[in-house]
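In case you want the letters, here they are:
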Amino acid sequence: LNSNEGIITSATVTINSAPAVNSTKLFILHQGTKINISNEEQNNWAEIQIANGNSGWIKTSDFEKI
């Protein structure tokens, strides 16, 4: 079991390359998408990975842990 899983709660979320609003935009996720959350968190941002292996940073307010 992976206790570091989450679900996107915002309608759409842009995943960034770094924990900053002005960093490079990598891809977009939609509400209901399952994510894996790494142990890395900085200033209300968390590093995540999705099923296809893509990873990036998301604001912690845009998902809920499950």
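Preceding this section is the structure that the text describes.
Residues numbered from 1 in each chain as written. Predicted model: local features only at pLDDT ≥ 70, side-chain atom pairs only at ≥ 80, totals over all residues. Heavy atoms only, no water.

A.B. asks: Help me understand unusual backbone geometry in this model?
C.D. replies: Glycine aside, residues mostly have negative phi angles, and peptide bonds mostly take the trans form. At Asn43, a position not held by glycine, the phi torsion is positive, near 45°. Its place among the elements puts Asn43 in the loop between strand E4 (34-42) and strand E5 (45-49). Its relative accessible area of 71% is what places Asn43 among the exposed residues. For Asn44, which is not glycine, the phi dihedral falls at a positive 70°. Here Asn44 is to be found in the loop between E4 and E5. (Helix = DSSP H or I, 4+ residues; strand = E, 2+ residues; numbered from the N terminus. Buried < 20%, exposed > 50% of the residue type's maximum accessible area, 1.4 Å probe, protein only.)

A.B. asks: Looking at this model, I keep getting lost on the environment of Ile15. Mind explaining?
C.D. replies: Checked against the element boundaries, Ile15 lands in strand E2 (residues 12-16). Owing to a relative accessible area of 0%, Ile15 belongs among the buried residues under this scheme. Sequence separation of Ile15 and Asn39 is 24 residues, and the distance between their C-alpha atoms is 17 Å. Each residue touching Ile15, except ones within four places of it in the same chain, is listed here: Thr24, Lys25, Leu26, Phe27, Leu29, Ile48, Gly56, Trp57 and Ile58. (Contact = heavy atoms within 4.5 Å.)

A.B. asks: Which parts of the structure should I look at to understand the pattern of salt bridges?
C.D. replies: Where charged atoms of side chains with opposite charge meet at close range, the side chains can pair. Tallied over the entire structure, the rule returns one salt bridge. Residue Glu5 pairs with Lys34 through a salt bridge whose shortest N-O separation is 3.5 Å. Taken as a pair, Glu5 in strand E1 (residues 5-8) and Lys34 in strand E4 lie far apart in primary sequence, 29 residues in all. With relative accessibility at 19%, the residue Glu5 sits in the buried group. (Salt bridge = Lys/Arg side-chain N within 4 Å of Asp/Glu carboxyl O.)

A.B. asks: Can you help me understand the nonpolar core in this one?
C.D. replies: In a soluble, globular protein the nonpolar side chains are often hidden away together inside. Grouped together as the largest cluster of nonpolar side chains are 12 residues: Ile8, Val13, Ile15, Phe27, Leu29, Ile35, Ile37, Ala46, Ile48, Ile50, Ile58 and Phe63. Mapped onto this core, the elements with two or more residues apiece are E2, strand E3 (25-30), E4 and E5. The residues contacting Ile50, other than those within four sequence positions of it, are Phe27, Leu29, Lys34 and Ile35. (Core = buried A, V, L, I, M, F, W, Y, C linked by side-chain atoms within 4.5 Å.)

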